[in-house]
Amino acid sequence: MKIGEFLKKYGPEILLSLLAAVGGGFITYYSAIRVEERKLYFEERKSSYETFFAATVKRWDAEDNQSQANQMKKDGNAANAEKTEAKAKELFAESTSLYGQSHFKIGVFGDAKVIQAIAIYRRDHFGKGECRTSRQQMLDDVAVYQNMRRAMGANGEVSDDDLAILLFDCRLPK
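Fair warning: this is a prediction, and the values are worked out from it, not measured in the lab. (Residues numbered from 1 in each chain as written. Predicted model: local features only at pLDDT ≥ 70, side-chain atom pairs only at ≥ 80, totals over all residues. Heavy atoms only, no water.)

Student: Would you mind going over the overall build of the chain with me for this structure?
Tutor: The number of helices and strands found in the chain is five helices and zero strands. When the helices and strands of the chain are read in sequence order from the N terminus, they spell out α-α-α-α-α. For the chain, buried positions account for 29% of its 174 residues. The contacts of the chain with a sequence gap of at least 6 include a subset with a gap of at least 24, amounting to 72%. Summed over its atoms, the accessible surface of the chain is roughly 11500 Å², and 60% of this surface lies on carbon and sulfur atoms. (Helix = DSSP H or I, 4+ residues; strand = E, 2+ residues; numbered from the N terminus. Buried < 20%, exposed > 50% of the residue type's maximum accessible area, 1.4 Å probe, protein only. Contact = heavy atoms within 4.5 Å. Areas by Shrake-Rupley, 256 points an atom, 1.4 Å probe, with all protein chains shown as cover.)

This is how it looks when you write it as structure tokens:
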């Protein structure tokens with residue numbers, strides 16, 4: 001069989017097979033990329049929650065150390081009270097730093113319901129006041145993080161005020 005006859009007879013099948021192989025390769029490649037992106041996104045979210053948990057444990061340890069120091073003072077043990085109080089301050093500073101780190105990661109990668117829950121908790125239990133900068137500047141700041149959330153494909157919509165409380169520890173000015 002000559003090449004011309006061969007191509008006339010089998011050409012469409014060969015072309016279709018080549019297109020399927022190339023198309024399948026592209027689909028597999030882009031699917032693998034998407035799966036890897038979601039995996040990395042999940043790891044960032046998990047990391048932010050783990051940092052939040054570590055901050056909470058350090059805060060509890062700081063409060064326990066402070067309570068012990070107060071009791072030591074009452075019992076007349078000033079030397080040990082001073083050391084324990086210093087440890088409490090150190091743990092409190094560490095927890096504050098970890099909370100800050102986790103809040104920014106949660107703000108970008110976290111589920112909307114998690115952000116809302118943290119914002120409600122902080123608003124209800126710490127009476128967060130208004131941010132000290134202008135409303136427009138705060139909205140501009142929050143917009144950066146809202147856009148990061150959208151770019152990362154974060155789950156759910158978060159109000160600007162909830163995000164401001166999470167990220168900047170204050171409510172948007174009126």
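Student: Would you mind showing me how to read the packing of aromatic side chains here?
Tutor: Where two aromatic rings form a pair, the distance of their centres and the angle of their planes describe that pair. In this structure the tally under the stated criterion is six aromatic pairs. With a centroid separation of 5.9 Å and 70° between ring planes, the pair formed by Y121 and F126 is classed as edge-to-face. Put simply, the rings of F104, Y145 and F168 touch in pairs and so form one group of aromatic residues. Over the face of the ring belonging to F126 we find R122, whose NZ or CZ atom lies 5.4 Å from the ring centre. (Phe/Tyr/Trp six-rings, centres within 6.5 Å; stacked < 30°, edge-to-face > 60°. Lys NZ or Arg CZ within 6 Å of the ring centre and 35° of its normal.)

Student: Explain helix α4 (residues 135–152) here, please?
Tutor: What sets the pattern is the α-helix's 3.6 residues per turn: residues three or four places apart point alike. An ideal rise of 1.5 Å per residue puts 26 Å on 18 residues; α4 measures up with 26 Å between its terminal C-alpha atoms. Residues of α4 that are buried in the fold lie against α2 (78–109), α3 (112–126) and α5 (160–168). (Expected span 1.5 Å × (residues − 1).)

Student: How should I be thinking about the pattern of salt bridges in this particular structure?
Tutor: By the definition in use, this model includes seven salt bridges. We note a salt bridge from R123 to D162, for which the minimum N-O separation is 3.1 Å. One end of the pair, R123, is in helix α3; the other, D162, is in helix α5, with 39 residues separating them in the sequence. On the basis of relative accessible area, D162 is assigned to the buried category, the value being 10%. The network of salt bridges with shared partners includes R123, D161 and D162. (Salt bridge = Lys/Arg side-chain N within 4 Å of Asp/Glu carboxyl O.)

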